[in-house]
Amino acid sequence: MKAFGFLSFGHYADVPGSATRTAGDMLKQTIEIAEGADELGVNGASVRVHHWARQAASPMPLLSAMAARTERIEVGTGVIDMRYENPFQFAEEAAALDLIADGRIALGVSRGSPETALRGYETWGFSDQEDPERGSVLAREKFDLFLRAIDGERLAVGDPRMVGNGQYLHIEPQSPTLRDHIWWGSGSRATAEETGRKGLNMMSSTLVTEATGQPFHELQREQIELFRSAYKEAGHTGRPRVSVSRSVFPLVSDMDRAYFGLRSEENGDQIGVIDGFRSTFGKTYAAEPDVLIQQLLADEAVMAADTLLLTIPNQLGPEYNLHVLEAFAEHVAPALGWKPNTEGPVQGDPV
């Protein structure tokens, strides 16, 4: 592990105890957390994307504001649901964001998570004839078209009255660094290998769609190894990035113990079914800093990745969430190999 960031689910609800009552509260507080994290040396600030729910849903305006208000931190998503995207509009917006942020972006993209709406992407005007229940084929077809667009492929026939005969056009703007900042959200061996073959970065969450009886961190580490092997075998020569997500809470105050002290006893992985797949869910880490250090050093996926994303309880407000990030930066991260954002952009391991 070289870097760490935060991942906010962007929840908001007008309920007792929530500091994030409205969508406006959530958006402004996320920007505030990103600003504070940037000053702490945190390397990344990411948001989840969920439609049809009281959560963060439209990432591009939010990421643009976060990038404009910060200097060094990388802003991104975990993940954008391609079933809902117009590939060309997304390509234009992503390129514009990359240019605004001077490359400080990490756009996680995937098929997306199960949602409250039944095939909600169909309501948006998109349908998947081959995989109507999950939309996986639709998501991959759109993503491949998105990659072609950001690679500068000329996909539109030019109007001869405007540009002459036989001319084809690519989307604008183009950002030459954008493809290096695209991540695929992977949860299985097959998607890990496909991500490597495409020469992308790999993002893995707090669950994998496998349940073999192995510990969660071992399954995830094996997927990371498959990704890197496929990347190399495909002939790519870059330094691919890998991130994993964890719920980690250093217990350094009475408030920490009140909020998360009981979770220190929840030290087992969980097996369940999500989206029809038997899956393994990672545990929550909540302990004194010296204990956390030993637990995370023993987490094979955390140590194999270059970036660790900490899921944060955004409804507890910016002050408390910045306290969690500061405690991790001060008491835990240095022992894991962390380098703050003042030391430059994060780089992946050479293949």
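Before any of the text, the structure's been laid out above.
About the thresholds
Residues numbered from 1 in each chain as written. Predicted model: local features only at pLDDT ≥ 70, side-chain atom pairs only at ≥ 80, totals over all residues. Heavy atoms only, no water. Buried < 20%, exposed > 50% of the residue type's maximum accessible area, 1.4 Å probe, protein only. Helix = DSSP H or I, 4+ residues; strand = E, 2+ residues; numbered from the N terminus. Arc of directions from axis to C-beta. Contact = heavy atoms within 4.5 Å. Polar contact = N/O pair within 3.5 Å; in protein donor to acceptor, adjacent residues only side chain to side chain. Expected span 1.5 Å × (residues − 1).

Things to note about helix H7 (residues 189-197)
Line of reasoning, step 1. By the burial criterion, the buried members of H7 are Thr191, Ala192, Thr195 and Gly196. The arc that holds the buried residues of H7, viewed along the axis, is 140 degrees, so those residues lie on one side.
Line of reasoning, step 2. Contacts made by the buried residues of H7 are with helix H5 (136-150), strand E7 (182-185), strand E8 (201-204) and helix H8 (216-233).
Line of reasoning, step 3. Glycine 199 lies just past H7 and shows a positive phi near 75 degrees.

Focus: the side chain of glutamate 222
Line of reasoning, step 1. Structurally, glutamate 222 is set in helix H8.
Line of reasoning, step 2. Side chain to side chain, glutamate 222 and arginine 189 meet in a polar contact 2.6 Å long.
Line of reasoning, step 3. Setting aside residues up to four positions removed in sequence, glutamate 222 forms contacts with Arg189 and Gln214.

Regarding H5
Line of reasoning, step 1. For H5, built from 15 residues, the straight-helix expectation of 21 Å at 1.5 Å per residue is met to within 8% by its first-to-last C-alpha distance of 21 Å.
Line of reasoning, step 2. Regarding H5, the residues found buried are Ser136, Leu138, Ala139, Lys142, Phe143, Phe146, Leu147, Ala149 and Ile150. Buried residues along H5 cover an arc of 165 degrees about the axis, so they all sit on one side.
Line of reasoning, step 3. Where H5 is buried, its residues contact helix H3 (87-100), strand E4 (105-110), helix H4 (120-123) and E7.
Line of reasoning, step 4. Glycine 152 sits one or two positions beyond H5 and adopts a positive phi of about 90 degrees.

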